[in-house]
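Tertiary structure, described
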Amino acid sequence: ALGTIVSCNNDDDNDSSATIEGKWQITQEGESLTTLTPAENDGSCGLDIVEFFQGGVYKVDGFDYEDSECIPYTDGGTWTKKDNSVTIKDTDGESTVYEILELTNSTLKVKSTDVEGTWIEVYTKK
């Protein structure tokens, strides 16, 4: 079992009028808040954009970099938000739960945890 994670929530971090719906582009990622680095875009293909639609559907547009080419891909599935977490289920039926660390009208900061550890992603509203 993973150790208990204690976080201090500052009410200023979350804007009650902010919604997760909309287009978000990943800008930073890392294993902790202190080790965030700019999101990688292999071959300067462009960074992933996630779009959350009303009604619980999401879409991801991004690029795979193979053989020196940027190959666009689209993925998606469904999402549900409850309190400070959002659960996404991809088309393969795999679910991932993201803890929402920050949600404002311009920034979405989420944390996911799996067998490999913790991963934090920061998205900016498009």
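Here goes a summary of the coordinates provided. Quick caveat: nothing in here was measured; it's all calculated off a predicted structure.

Criteria and cut-off values
- Residue numbering note: each chain is counted from 1, following its sequence as written.
- A pLDDT threshold of at least 70 governs which residues receive local features in this predicted model, and a stricter bar of 80 or more applies before side-chain atom pairs are shown or counted, although totals over entire chains, interfaces and linings include all residues.
- Water and hydrogen atoms were dropped before computing side-chain values, which therefore reflect all heavy atoms in the structure.
- The numbering of helices and of strands both runs from the N terminus, where a helix is a DSSP run of H or I of at least 4 residues and a strand a run of E of at least 2.
- The contact criterion used is simple: two residues touch if any of their non-hydrogen atoms lie within 4.5 Å.
- Using a 1.4 Å probe, accessible areas were evaluated by the Shrake-Rupley method; residue-level cover was limited to the displayed protein chains.
- In plain terms, two cysteine sulfur atoms within 2.5 Å form what is called a disulfide here.
- When accessible area is computed with a 1.4 Å probe and restricted to protein chains, residues below 20% of their type maximum are described as buried, those above 50% as exposed, and intermediate ones as partly exposed.
- Strand pairing is assigned whenever DSSP detects at least two bridges linking the two strands.
- Salt bridges, as used here, are contacts in which a Lys or Arg side-chain nitrogen is within 4 Å of a carboxyl oxygen on Asp or Glu.
- Note on terminology: a nonpolar core comprises buried Ala, Val, Leu, Ile, Met, Phe, Trp, Tyr and Cys residues joined through side-chain atoms within 4.5 Å.

Okay, the overall build of the chain next. Looking only at helices and strands, the chain has zero helices and nine strands in total. Secondary structure elements of the chain, listed N to C terminal, follow the sequence β-β-β-β-β-β-β-β-β. Contacts in the chain between residues far apart in sequence, at least 24 positions, make up 39% of those at least 6 positions apart. Summed over all atoms, the accessible surface of the chain reaches about 8200 Å², with 45% contributed by carbon and sulfur.

Next up on the list: the state of the cysteines. Throughout the structure, instances matching the rule amount to one disulfide. Disulfide pairing places Cys45 opposite Cys70 at an S-S distance of 2.1 Å. Measuring handedness by torsion sign, the sulfur bridge of Cys45 and Cys70 sits at about -85° and is left-handed. Of this pair, Cys45 sits in the loop between strand E2 (37–38) and strand E3 (49–53) while Cys70 is found in strand E5 (residues 69–82), placing the two residues 25 residues apart along the sequence. Judged by relative accessible area, which is 33%, Cys70 ranks as partly exposed.

Here we come to the pairing of strand E1 (residues 22–30). Where a strand is regular, its side chains alternate between the two sheet faces. Both E1 and E3 contribute to a ladder of four bridges, which runs antiparallel. Paired with Gly22 across the two strands is Phe52, which belongs to E3. Here E1 runs beside strand E9 (residues 117–125); their pairing, made up of six bridges, is antiparallel. Each bridged residue has a counterpart across the sheet, and for Gln28 the counterpart in E9 is Val122.

Scanning the entire structure with this criterion turns up four salt bridges. Across the pair Asp83 and Lys82 runs a salt bridge whose closest N-O atoms are separated by 3.7 Å. The same class applies to Asp83 and to Lys82, which are both exposed. For the salt bridge of Lys109 with Glu102, the shortest nitrogen-to-oxygen distance reads 3.3 Å. Comparing Lys109 with Glu102 shows no difference in burial state: the two are buried.

Looking now at the nonpolar core. Core analysis: the biggest nonpolar cluster contains 18 residues, and Ile20, Phe52 and Leu108 have the highest contact counts within it. Where this core is concerned, the elements lending two or more residues are E1, E3, strand E4 (57–66), strand E6 (85–90), strand E7 (95–103) and strand E8 (107–114). Broken down by element, the residue count for this core peaks at three residues, all from E7. If we skip the residues at most four places from it in the chain, Ile20 touches Phe52, Trp79, Lys81, Val86, Ile100, Leu103 and Leu108.

Quick look at unusual backbone geometry now. At Asp67, a residue that is not glycine, the phi angle is positive and equals roughly 50°. The topology assignment puts Asp67 in the loop between E4 and E5. Classification of Asp67 by relative accessible area gives exposed; the value is 70%. With a phi angle near 50°, Asp83 is a residue other than glycine that sits in the positive phi range. Note that Asp83 resides in the loop between E5 and E6.

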